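Residue-level listing of the chains:
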2 protein chains.
Amino acid sequence: MKQTRGLPVTDLSPAIILVEPQLGENIGTAARAMMNCGLSDLRLVNPRDVWPNEKAVAACSGADQILEDARLFDTTTAALEGLHHIYATTARPRDMVKAVLEPRAAGAVLRRAEAVGQRNGILFGKEAKGLHNDDVVLAGTIIEAPLNPVHNSLNLAQAVLLVGWEWWMAGRSEIVAPEVIAREEAPALQSDVIKMFEHLERELDETGYFHPEEKRPSLVRNLRNMFHRANMTDAEVRGMRGVIKALSTVRRRRLKRGEIGD
Amino acid sequence: MKQTRGLPVTDLSPAIILVEPQLGENIGTAARAMMNCGLSDLRLVNPRDVWPNEKAVAACSGADQILEDARLFDTTTAALEGLHHIYATTARPRDMVKAVLEPRAAGAVLRRAEAVGQRNGILFGKEAKGLHNDDVVLAGTIIEAPLNPVHNSLNLAQAVLLVGWEWWMAGRSEIVAPEVIAREEAPALQSDVIKMFEHLERELDETGYFHPEEKRPSLVRNLRNMFHRANMTDAEVRGMRGVIKALSTVRRRRLKRGEIGD
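All of the points below concern the structure found in this document. (Residues numbered from 1 in each chain as written. Chains lettered and ligands numbered in written order. Predicted model: local features only at pLDDT ≥ 70, side-chain atom pairs only at ≥ 80, totals over all residues. Heavy atoms only, no water.)

**Some points on the overall build of chain A**
Put simply, the rule is: Elements are defined by DSSP. Helices are runs of H or I of four residues or more, strands are runs of E of two residues or more, and each kind is numbered from the N terminus. Each radius of gyration reported is based on C-alpha atoms, and the globular scaling rule is 2.2 Å times the count of residues to the power 0.38. Only protein chains enter the accessibility calculation, which uses a 1.4 Å probe; a residue whose area is less than 20% of its type maximum is buried, one above 50% is exposed, and one in between is partly exposed. Contacts between residues were defined by any pair of non-hydrogen atoms, one from each residue, lying within 4.5 Å. Residue burial considers only the protein chains on display, and all accessible areas are found by Shrake-Rupley using a 1.4 Å probe.
Across its full length, chain A holds nine helices and nine strands. Its C-alpha atoms give chain A a radius of gyration of 28 Å, more than 25% over the compact-globule value 18 Å for 262 residues. Its C-alpha atoms give chain A principal-axis dimensions of roughly 90 × 40 × 35 Å. Burial statistics for chain A: of 262 residues in total, 52% are counted as buried. In chain A, once contacts between residues fewer than 6 apart in sequence are set aside, the share between residues at least 24 apart is 81%. With an accessible surface of roughly 12500 Å², chain A has 52% of that area assigned to carbon and sulfur atoms.

**Considerations on the environment of Val19(A)**
Residue and element names in this part refer to chain A. Locating Val19 in the fold gives a position in strand β3 (residues 15–19). Of the residues examined, Val19 reaches a relative accessible area of 2% and is grouped as buried. Distance from Val19 to Arg172, taken between C-alpha atoms, is 29 Å for residues 153 residues apart in sequence.

**So, the sheet that holds strand β9 (residues 141–143) of chain B**
All names here are of chain B. Just so we agree on the cut-off: Only strands joined by at least two bridges in the DSSP assignment are considered to pair. Axis geometry follows a simple rule: fit a line to the C-alpha atoms, using only the stretch in contact for helices, then measure angles between N-to-C directions, giving values from 0 to 180 degrees.
Across the sheet, seven strands lie side by side as β5-β4-β3-β8-β6-β9-β7; this open sheet has parallel pairing. Two strands in the sheet have a free side with no partner beyond their single neighbour: β5 (71–73) and β7 (99–101). The average angle at which neighbouring strand axes cross in this sheet is 25 degrees, direction not considered. Examined bridge by bridge, strand β4 (residues 42–45) and β5 share three bridges and lie parallel to one another. The partner of Val45 across the bridge, within β5, is Phe73.

**What about the side chain of Glu166(A)?**
Selection rule: For the purposes of these results, a polar contact is taken to be a pair of N or O atoms within 3.5 Å, where, inside protein, one atom must be able to donate a hydrogen and its partner to accept one; residues adjacent in sequence count only when each atom of the pair is a side-chain atom.
Examined against the element boundaries, Glu166(A) turns out to sit in helix α6 (residues 156–170). Taking relative accessible area as the criterion, Glu166(A) reaches 1% and is therefore assigned buried. A polar contact of 2.9 Å, which involves the side chain of Glu166(A), links it to the side chain of Arg104(B). Discounting chain neighbours no more than four positions away, the residues touching Glu166(A) are Pro103(A), Arg104(A), Gly107(A), Arg104(B), Trp165(B) and Glu166(B).

**Quick look at the pattern of salt bridges**
Opposite charge on two side chains lets them pair, provided their charged atoms get close. Short version of the rule: When a carboxyl oxygen of Asp or Glu lies within 4 Å of a side-chain nitrogen of Lys or Arg, that pair is called a salt bridge.
Tallying each qualifying case throughout the model produces 30 salt bridges over all chains. Across the salt bridge formed by Glu102(A) and Arg172(B), the nearest N and O atoms sit 2.8 Å from each other. In this pair, Glu102(A) is assigned in the loop between β7 (99–101) and α4 (103–115) and Arg172(B) in the loop between α6 (156–170) and α7 (190–207), connecting two distinct chains. Neither residue differs from the other here; Glu102(A) and Arg172(B) are each classed as buried.

**Focus: the interface of chain A and chain B**
Inclusion rule: In this description, buried area is defined as the sum, over both parts, of the accessible area (probe of 1.4 Å) that is lost when the two are combined. Residue classes follow a fixed rule: Ala, Val, Leu, Ile, Met, Phe, Trp, Tyr, Cys and Pro count as nonpolar, while Asp, Glu, Lys and Arg count as charged, and any other residue, Gly among them, counts as polar.
Facing the 76 residues of chain A at the interface are 76 residues of chain B. A combined buried area of about 6600 Å² lies between chain A and chain B, and 57% of that area is made up of carbon and sulfur atoms. In terms of surface lost to chain B, no three residues of chain A exceed Asn36(A), His151(A) and Trp165(A), which account for 10% of the buried area on that side. Between the two partners, chain A and chain B, sit six salt bridges. Here chain A is connected to chain B by 30 residue pairs in polar contact (both at pLDDT 80 or more). Of all the secondary structure elements, the ones that give two or more residues to the side of chain A that touches chain B are α1 (24–36), β6 (85–89), β7, α4, α5 (133–137), α6, α7 (190–207) and α8 (216–229) of chain A. Ranked by residues supplied to the side of chain A that touches chain B, first place goes to α6(A) with eight residues. Taken together, the residues of the side of chain A that touches chain B sort by class into 40 nonpolar, 23 polar and 13 charged.

**Looking at the relation of the copies chain A and chain B**
The condition that has to hold: A residue counts toward the fit only if its pLDDT is at least 70 in both copies, and the copies are then superposed by least squares on the C-alpha atoms of those residues.
Screw-axis analysis of chain A against chain B gives a translation of 0.1 Å along the axis, an RMSD of 0.1 Å, and a rotation angle of 180 degrees. Taken together, the rotation and translation relating the two chain copies correspond to the operation of a two-fold axis. When C-alpha positions in chain A are compared against the rotation axis, the closest is assigned to Gln158(A), at 3.1 Å. Mapped onto chain B, 100% of the interface residues of chain A are again interface residues, and the two copies thus contact each other with one and the same surface.

Below, the structure is given as structure tokens:
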């Protein structure tokens with residue numbers, strides 16, 4: 001086990017292998033995405049620009065250690081050192097007989113190999129064209145994200161994030177079920193909720209409720225947060241408008257009669 | 001239904017609301033991520049730079065239509081027009097009582113609202129600091145990705161991709177089960193597989209198998225692909241090395257005896 005900024009990372013986390021990356025910025029944002037997902041082993045095959053690369057460091061947003069530890073290789077085959085299973089990420093079908101997994105399924109399969117002590121590597125091609133066929137051949141399995149079929153080509157760092165995210169999620173023991181929502185009534189339009197606040201705050205301004213002025217922002221925020229959290233229905237918003245109007249009318253009437261001060 | 005580059009997109013897909021985005025590049029890559037995930041409704045609240053923005057167009061990689069259709073608003077509340085449920089994406093805990101969902105659960109909940117004709121909007125804060133508390137207050141629910149706890153701040157376009165991806169995946173009817181792998185034997189190290197190829201290709205070169213020379217690359221590729229696909233075990237690789245060696249030795253012996261020509 002080594003430590004990546006406080007997070008324990010097993011040495012079995014997949015290696016991210018960028019083949020001929022063109023832009024330093026993309027190497028940096030890919031490293032940032034790796035750090036987000038708890039990945040640490042970055043391998044670069046013939047990056048176009050000089051390495052180390054200042055633009056990569058500028059774009060990595062704190063993932064400097066991953067860039068410093070990154071290893072350079074002359075060929076993709078050399079970069080497979082120490083790895084048992086190779087995955088190739090592609091956005092377009094290749095004329096090759098090869099198993100294809102979605103990122104989610106790949107996350108599960110990667111974890112299964114790790115659980116029995118095997119190491120995985122994932123190949124990502126250059127920005128403009130993706131992987132060469134000669135690199136895809138090296139992989140036992142293809143990973144392809146089933147995105148918008150007419151626009152499925154991901155930015156390099158986005159591709160690293162998507163695969164990293166699914167690997168990360170596949171390793172979490174805790175499964176969080178979606179919040180159960182059972183609502184029979186129509187939810188309010190947010191613009192109507194906001195009009196309700198404005199009405200309420202106008203009326204409260206007149207009463208001096210927000211005095212002193214410096215307390216106003218936090219009072220308004222707390223009030224709005226409470227109502228937003230309530231996830232109001234359309235009927236509830238109309239009801240509240242009635243409440244505000246009624247209270248204000250009584251208040252004005254009492255003011256007029258001199259029962260209360262302004 | 002409208003068409004986004006050939007893909008039918010319902011008008012109920014979530015609105016992506018970028019609050020005070022700072023860099024045109026990030027607006028462009030966010031639009032690209034939206035297009036990848038079949039999203040089309042982009043709303044910008046007070047972008048720092050002039051709009052339309054050339055850098056956004058340069059970075060959007062074909063998602064020009066989303067940028068052209070993007071709407072500008074002066075305030076976050078104005079940008080909630082026509083929406084029923086608002087989600088705020090945050091990377092850090094806020095001092096507010098509010099439901100928090102992971103992106104995967106959020107994807108399911110967003111789809112459920114759409115299924116009954118309701119529209120969702122998702123707020124994304126500016127690059128440096130994320131959303132203001134005043135914007136988070138507007139949301140009924142927070143979306144927080146359970147990433148590496150010491151480095152969970154995502155690039156703006158990466159955050160859009162992650163939420164978009166989970167929304168997109170939640171809408172797919174087809175669930176693809178991970179490939180079933182039942183292997184009892186240890187997989188080979190890829191470097192050993194490659195040494196095996198080199199051995200085989202060396203021997204085949206001597207036989208003239210690759211003649212004429214221009215056929216060599218595709219013959220090598222097909223051969224290598226077949227073996228890589230086989231996902232060889234360590235024992236199989238050693239076995240194949242033995243096979244190659246044995247065949248070559250017999251061949252050399254027969255050559256020597258003059259039984260076959262060179």
